Amino acid sequence: MAVKDRDRFSTATRLRLLGEQTAARVYRSQTRRQARRSRLTGRAALLVLVLCSLVVALAYPMRQYVSQRAQIADLQRQQEQARARVEQLRDLKARWQDDAYAEQQIRRRLHYVMPGETGYVVVDPGAGRHSRADLGAAHRPWYTNVWDGVDKSDASDQ
């Protein structure tokens, strides 16, 4: 009995017990991993594969459907705009059929006057000064102005 007690506390015995405990832990962890892996069965994998195939197969037709619906909506909007423009043009045509409107537009746009009337055209005196881009160009020789114009047009192309 003394040999057993001494054997129980020996280093070799303790190491063997420690090894058995470690092996049991490793075995338990491996069985847990296997249990986790076994949740994905062949049927589940097949189901996932079928669902992925359906998603891939339906993605392009759905994209086409959505784009065609957007195109239809855009064409309907353009059609409504065209109808509104046709109505505006019909109204304008009906106005031009009226002689009073035509006379008013002719007088306003073409500066016509009736016999016996005096026509006046008011010219803005500042308009001539604003229209010239370079006021100093008059004091230079003509060929300098031409060359500057060539340089400006060349710079605008770049």
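Description of the structure in this document. In this text, all values refer to a predicted model and were calculated from it rather than measured experimentally.

**Topic: the overall build of the protein chain**
- Of regular secondary structure, the protein chain possesses six helices and zero strands.
- N-terminal to C-terminal, the α/β element order of the protein chain is α-α-α-α-α-α.
- The buried share of the protein chain, taken over its 158 residues, is 4%.
- Here the protein chain displays about 15000 Å² of accessible surface, and carbon together with sulfur accounts for 59% of that area.

**With respect to helix α4 (residues 99-110)**
- Along its 12 residues, α4 runs 16 Å from first to last C-alpha, staying within 8% of the 16 Å computed at 1.5 Å per residue.
- Every buried residue of α4 is accounted for by Tyr101, Ala102 and Gln105. Down the axis of α4, the smallest arc covering the buried residues is 95°, so these residues share one side.
- Looking at the buried positions of α4, the neighbouring elements they touch are α3 (42-97).
- One or two positions beyond α4, positive phi appears at His111, with a value near 60°.

**A word on a nonpolar patch on the surface**
- On the surface, Leu46, Leu47, Leu49, Val50, Leu51, Leu54, Leu58, Met62, Tyr65 and Val66 cluster together into a nonpolar patch covering about 1000 Å² of accessible area.
- Tracing the backbone through its elements, the reader meets Leu58 in helix α3.

**Examining α3**
- The end-to-end C-alpha separation of α3 is 82 Å, in line with the 82 Å expected for 56 residues at 1.5 Å each.
- In the structure, α3 departs most strongly from a straight axis at Ala59, where the bend amounts to approximately 35° and where the proline Pro61 lies between one and four residues downstream.

**Thoughts on the packing of aromatic side chains**
- Counted under the stated rule, the structure contains two aromatic pairs.
- Taken together, a centroid distance of 5.4 Å and an interplanar angle of 85° make the contact between Trp96 and Tyr101 edge-to-face.
- Trp96 gets classed as partly exposed once you look at its relative accessible area, which sits at 34%.
- When its relative accessible area of 16% is taken as the criterion, Tyr101 is described as buried.

**Re the pattern of salt bridges**
- As enumerated under the stated definition, the model contains five salt bridges in all.
- With its nearest N and O atoms 3.0 Å apart, the salt bridge here joins Glu80 to Arg83. Here Glu80 pairs with Arg83, and both are found in helix α3, just three residues apart, close to one helical turn.

Thresholds applied
Residues numbered from 1 in each chain as written. Predicted model: local features only at pLDDT ≥ 70, side-chain atom pairs only at ≥ 80, totals over all residues. Heavy atoms only, no water. Helix = DSSP H or I, 4+ residues; strand = E, 2+ residues; numbered from the N terminus. Buried < 20%, exposed > 50% of the residue type's maximum accessible area, 1.4 Å probe, protein only. Areas by Shrake-Rupley, 256 points an atom, 1.4 Å probe, with all protein chains shown as cover. Expected span 1.5 Å × (residues − 1). Arc of directions from axis to C-beta. Contact = heavy atoms within 4.5 Å. Patch = residues over 30% accessible without salt bridge, like charges linked within 9 Å, V, L, I, M, F, W, Y side chains within 5 Å. Salt bridge = Lys/Arg side-chain N within 4 Å of Asp/Glu carboxyl O. Bend = angle between axes of the 7 residues up to and from the residue. Phe/Tyr/Trp six-rings, centres within 6.5 Å; stacked < 30°, edge-to-face > 60°.

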